[in-house]
Amino acid sequence: MGQGGYITLVNGTKYGWTKSYQHKYQMNSWSFPDKIPAGSSSTVYVEWNQGTFHHEVDDAGEATYTLHGTGGLNFQVQARAKNGFGLKVVLTGMETRHAPKGTTIDLGWNHDGYVTFVLAGKVDAFTVSGRPAGSWMQDNLGLLGDRTLRQICIPGSHDAGMSVLASGTGFAQECNTLTQSAPIGTQLTYGSRYFDVRPVISAGKFLTGHYSDVTQINSWQGGNGQSIASIVQEVNAFTADNKELVILRLSHDLNTDVGNTSYRPFTRSEWTDLINQLAGLNNLFFEPGNVPYDLSELRLSDLIGGHRAAVVVIVDPSSTIIPGRGGQGFYTKRRFPVFDQYSNSNDVDAMAKDQLEKLDKQRPNPDSPLFLLSWTLTQNATQASTCVLGTARSIRDLADIANPQLYSRLLAGCSAQCYPNILYMDYVQVPDVTAMAMAVNWLSLA
């Protein structure tokens, strides 16, 4: 017996993968499929040997895959235990834009959980997980530039400002308010490009927040995260070095300075003050002439071609107020319509079924309106109220269940005609989701 876990291999390339070599020493389970077709995923169970009379530091395994039709390009999955259990991928006979031949990609180890390896693209244009993703749009502008935003897939961050609990109500705890582990600036380096920003007023300042109206106790409960000022600073720092598209969607506005039972949406003057602060964002996309009313019909090169960055702010007020500065970097949700309906479930199978069925219904072709795949699990009332005791799952626990399933389930629910535009997640912690988005983008060429 020994520790076990899973590795998901995602073939987002144009080539089938054929296993050309496999070896193990003291591994209880190390059996990889002979073939992984293009546009598919395979999950493999791995188990180390921790039995009596065995030196577990000697546990090891290798599995080499060759990409069919590429003249022998290959990579190797490895298991090593000399410095603790770990899985890795070595680019033994291939390279990508940010990973030369021989690069080792450390996948880590997750006991009873999952690690992921994603390879997308084609010869001379591969994207691989575990590598920098700060410039992924510019890196792939040759492929994506002539596509409209409706025709591409990007990563997105749910409740993006909630990586810290700066302050909150009496029942607010990290386990029921935090939805991210890294600030928006770091999420940008992981490749996220669509950010759910929920502005609140607290102690007279604009912050992000995560609140719910708990009708059973006639009270709002929740907490505050990043400040709007810090988001402006981090986005500006990122776009100074990375000429990428950044989309901020403002919604769920709430003034929390008016009494716990009386929280309300922003007034027009409060919206004006918020937008004036956000006007400090550099590279705001000012609407030129002849732009379609629906911004999702713009090509990516219309926004970031010529090696320039573009920041688009979508304003979705809780009231009927329409803030100013329209067309000057700020646009109403009518200018950027997105199908966005979460499953409201804490069960991963129910959530995946709900989202993939909605995808199939809403996206019959690549020119259909934008579709946000809400790959998130939602705490029920008991979990939200008792997670602090350690007796129920936190938001992070639920994300740790949901996120690995994106890699094993998504491609099977997609085709060249039907695929999501935004991969929307809690706890965006690694660039893997960007490689997954590129796997979807390559699948759309099939």
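Please refer to the structure higher up on the page.
The rules behind these values
- Sequence order sets the numbering: in each chain, residues are counted from 1 along the sequence as written.
- With pLDDT at 70 or above as the cut-off, local features in this predicted model cover only qualifying residues; side-chain atom pairs require 80 or more to be listed or tallied, and sums for whole chains, interfaces and linings still use all residues.
- Calculated side-chain values reflect all of the structure's heavy atoms, with hydrogen atoms and water omitted.
- Any two strands with at least two DSSP-identified bridges between them are counted as paired.
- To qualify as a helix, a DSSP run of H or I must reach at least 4 residues; to qualify as a strand, a run of E must reach at least 2; elements of each kind are numbered from the N terminus.
- Side-chain rings of Phe, Tyr and Trp (the six-membered ring for Trp) are treated as a pair once their centres are within 6.5 Å; stacked means planes under 30 degrees apart, edge-to-face means over 60, and tilted covers the remaining angles.
- Only protein chains enter the area calculation, which uses a 1.4 Å probe; residues under 20% of their type maximum are buried, those over 50% are exposed, and those in between are partly exposed.
- Contacts were defined at the residue level, with two residues in contact if any of their heavy atoms lie within 4.5 Å.

**Regarding the sheet that holds strand β9 (residues 104–108)**
The strand order across the open sheet built from six strands is β4-β2-β6-β7-β8-β9, with neighbouring strands paired in antiparallel fashion. Because the sheet does not close on itself, it has two edges, and the strands there are β4 (35–36) and β9.

**Focus: the packing of aromatic side chains**
Tallying each qualifying case throughout the model produces 16 aromatic pairs. Note on F339 and F371: the rings are 5.4 Å apart at their centroids and 10° apart in plane angle, and the pair reads as stacked. Of the two residues, F339 sits in strand β22 (residues 338–339) while F371 sits in strand β23 (residues 370–374), which places them 32 residues apart along the sequence. Of the residues examined, F371 reaches a relative accessible area of 1% and is grouped as buried.

**Re the environment of L188**
With respect to the helices and strands, the residue L188 is situated in helix α4 (residues 184–190). Through-space distance from the C-alpha of L188 to that of S135 is 9.5 Å; in sequence the pair is 53 residues apart. The contacts of L188, once residues within four sequence positions are left out, are A133, G134, R193, F195, E234, V235, F238 and V246.

**Describing the environment of K353**
Along the chain, K353 turns up in helix α8 (residues 348–362). Since its relative accessible area comes to 53%, K353 is described here as exposed. Along the backbone, K353 and H23 are 330 residues apart, and their C-alpha atoms lie at a distance of 37 Å.

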